[in-house]
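# Descriptive structure summary
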Amino acid sequence: MKLTWMMTMMITIMMRMSCSGVGGASELSFLKEPSDVIAVKDRPLMLDCLVEGEGPISITWRKDGVAVETGVLANGTLLISSFSKKRRGNATDAGEYDCAARNRYGMLISRKARVQLASLPKFVSHPQSVVVDEGGVARLTCQVNGIPEANISWHKDRRPLSTQDHRYTLLPNGVLHINAVRQNDSGLFRCVASNVAKTRYSHEARLSVTRAGSRTYKEPVILSGPQNLTINVHQTAILECIATGNPRPIVSWSRLDGRSIGVEGVQVLGSGNLMISDATLQHSGVYVCSANRPGSRSRRTALGRLVVQAPPEFVHWPQTVSRPAGGSTVFSCSATGVPKPHIIWLKNGKLLDLGANIKLANGNTTLAITRIAPSDEAIYQCIAENSAGANQASARLAISQGPDLPEAPSGLLVTPLSSSSLHLTWEKPPEDVSQHIIGYVLHIRRLGEADSEELQEAVSKTTFRHEFSNLEAATTYSIYLKAYSALGGSRQSSVVISTTLGGVPSPLSFLTKVLNQTALRVYWDLPSKPGKVEGFRLEYYRVSNPHLKGQETFPGHINTHILSNLEPHSLYEIQLAAFNGNGESPVTRHLVSLEEDKKTAAGPSCKCDWSESSRWTVLLGVHGSVACVLCFLLFVLLGYRRRKPPPAVSDVSASAEDAETRCDSAPSPVMVMLEMTPPHDSHTSCL
């Protein structure tokens, strides 16, 4: 079922025209939000927060979720006069800051700005001394983690290393390559790291160069291959690859997936390092560095993965709307990004609380608000976040007074037409009402299905009947209708329930559990799909008094019930059936005895016809079996006595005769059972 395109567009356009006065200058929005910044100790820091909208507007600030009491200027800017690493109680000015803007329509929260203190700790690793053959390749490296990232240069013998020599390649991550090493490259090398916080010097490492003798053949060897790297779009990626061998190997690059690396923004640094400037999502992939011996197929390879992330960008964002009390609205918000953004919603700056009338669907991209109340009037924010960044959009829900809104449609009547269609009719409104109506929207969903799964169809204002098609067979649907004018939608009509043709529900399976001598619980399975049942009928009665029955009826989402105030020490028959608009399923029966303990009394579903005589036959048969067991035990006892010293013959005969007399004269339940059943059904005798 799809919305009628023309009617949907017409209703949407008219509704937007009616809401044109809601937006405009009254809308609260950020012109400038605080951004990530690195602060210097004991220096001032300013964070911007520029807002537009209907005044008066108040601006407040939070740090790590706690209100900032001082430093807010009249224009909303936050001023920290002297940035401190530690204050009283070990607190620091570093943290996450956001600003909140409020006017009479609601509150808006800015993005979180990360404020860090500039620092340059000690080196994580220092350059190590190396020995290299003349004409070979030298690699020196150091590592330091600075905020902001340190600028690294190199000194040789305590003097800045000249970068004019094309044999020297300095990579931003603290790596120095020296190609075609010469004797005069020998010396002491050290890293120099500097940022706004300070400058640090690494330990010195010695580069020793051995004189070239007979240049023996050496297979290509990759001294350092590309490392896995994650960057954001528009940043620069450098993939290192340095190789040695004799003759000197040729370094080349390719992609593992066979795609071309391209030439725009791509260049080779030094003898084989790959630099990609202004990276895009298409640059993500596994890169292969190959070191090939000239004139042969001998080569070595190394792989590194480049991941390019993209911060969220909105594809759809929520729009400000005006709706009457009791109406409904939907805000849509979807964003693209790598990795896929996660979406959260705020209401007046606080995390949105979901409820019976506020639902999120489709991965939080759709916010549906039904039965709108004054408490729902607010500014709603959609925030899209991933590891590359965050983005936010906002919209306001206003409640219109709407005295001229159309009344809810009435007289809904639905009739099943087939296994896949239903026919709906409703009353034509009075002429003075219908002239303001621009169309109707029908809402249909399977009974028990979530509101978010609801389907809608728009129809003309001159239409008072509609046929729903392509429905599921033997399925119950819930349907209601709303009328729309240029000012908004009416309240929803009364809900009607109907089932498509195609049969009754399947027989149920259920379990019973005795809770005590007067109560038991019944459990049953719900259908795997909503709408397959309209409800359940549960009947129960004592087997000894089948004419006195109890009955309960439940809606289609209930699957358990407790039967209480039952007669203790009694046998009950439980009957359960499901029903829809086409009728009732076959009944499933269980017998439950209230003399059982609290274990689950669950046997296979019984579909046989329990007649009164057959029940008594089973019960008396059980008692007869018990009597036979007792007789058997008596004869075992007599046999044991016979093992004693034999008495006089007359005594033995008398004992046997007495035993036989006792068995024959005892009122045997087995014999009673035989009298109530046909002779061919059972042949039981006393042992």
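The structure this text deals with has already been given above.
Fair warning: this is a prediction, and the values are worked out from it, not measured in the lab.

For the rest of this paragraph, the subject is the overall build of the chain. When its secondary structure is counted, the chain shows 5 helices and 53 strands. The proportion of buried residues among the 687 residues of the chain is 40%.

Strands belonging to one sheet form pairs held by backbone hydrogen bonds; the direction of such a pair is parallel or antiparallel. Taken in spatial order, the 5 strands line up as β29-β37-β36-β32-β33 in an open sheet, and their pairing is mixed. Two strands in the sheet have a free side with no partner beyond their single neighbour: β29 (321-324) and β33 (350-351). As paired strands, strand β36 (residues 378-386) and strand β37 (residues 389-400) are joined by 9 bridges and run antiparallel to one another. Looking at the pairing, E385 lines up with A390 of β37.

As a further point, take a positive patch on the surface. Judged by side-chain charge, K41, K85, K86 and K198 come together as a positively charged surface patch. Here K86 lies in the loop between β7 (78-80) and β8 (95-103).

Before going further, it helps to spend a moment on the environment of C382. Relative to the assigned elements, C382 resides in strand β36. A relative accessible area of 0% means that C382 is categorised as buried. Linking C382 and C333, residues 49 residues apart in sequence, is a C-alpha distance of 6.6 Å. Those residues within four positions of C382 in sequence are excluded, and the remaining contacts are F314, P318, C333, I343, I344, W345, N391, Q392 and A393.

Summed over all chains, the structure comprises 4 disulfides. What pairs with C49 in a disulfide is C99, and their sulfur atoms sit 2.1 Å apart. Torsion about the S-S bond of the C49 and C99 cystine: about 75°, corresponding to right-handed handedness. Taken together, the residues span a long stretch of sequence, with C49 in the loop between β3 (45-47) and β4 (50-52) and C99 in strand β8 at a distance of 50 residues. By relative accessible area, C49 is classed as buried at 1%. Between C241 and C289 runs a disulfide, and the two sulfur atoms are separated by 1.6 Å. Residues C241 and C289 share a disulfide whose torsion about the S-S bond is about -45°; that sign makes it left-handed.

For N246, the location among the structural elements is in strand β23 (residues 242-246). Classification of N246 by relative accessible area gives buried; the value is 14%. Residues N246 and P294, spaced 48 residues apart in sequence, show a C-alpha to C-alpha distance of 9.4 Å.

What follows covers unusual backbone geometry. Note that the residue after G55, namely P56, is joined by a cis bond; omega there is 0°. Residue placement: P56 occurs in the loop between β4 and β5 (58-63). Although it is not a glycine, D64 sits at a positive phi angle of roughly 50°. Note that D64 resides in the loop between β5 and β6 (66-67). Looking at D64, the relative accessible area reads 47%, which means it is partly exposed.

Now for the packing of aromatic side chains. Evaluated as defined, the whole model comprises 6 aromatic pairs. Between F331 and Y380, the aromatic rings sit 5.5 Å apart at their centres with planes inclined by 35°, giving tilted as the arrangement. Taken together, the positions of F331 in strand β30 (residues 329-332) and Y380 in strand β36 put the pair 49 residues apart, joining distant regions of the chain. Three or more aromatic residues joined by ring pairs form one cluster here, namely W426, Y440 and F464. Of note, R396 hangs over the ring of Y105, and the distance from its end group to the ring centre comes to 3.9 Å.

About the criteria used
Residues numbered from 1 in each chain as written. Predicted model: local features only at pLDDT ≥ 70, side-chain atom pairs only at ≥ 80, totals over all residues. Heavy atoms only, no water. Helix = DSSP H or I, 4+ residues; strand = E, 2+ residues; numbered from the N terminus. Buried < 20%, exposed > 50% of the residue type's maximum accessible area, 1.4 Å probe, protein only. Pairing = 2+ DSSP bridges. Patch = residues over 30% accessible without salt bridge, like charges linked within 9 Å, V, L, I, M, F, W, Y side chains within 5 Å. Areas by Shrake-Rupley, 256 points an atom, 1.4 Å probe, with all protein chains shown as cover. Salt bridge = Lys/Arg side-chain N within 4 Å of Asp/Glu carboxyl O. Lys, Arg positive; Asp, Glu negative; His and termini not counted. Charge placed at Lys NZ, Arg CZ, Asp CG, Glu CD. Contact = heavy atoms within 4.5 Å. Disulfide = S-S within 2.5 Å. Phe/Tyr/Trp six-rings, centres within 6.5 Å; stacked < 30°, edge-to-face > 60°. Lys NZ or Arg CZ within 6 Å of the ring centre and 35° of its normal.

These results come straight from atomic positions and should not be treated as a statement about function.
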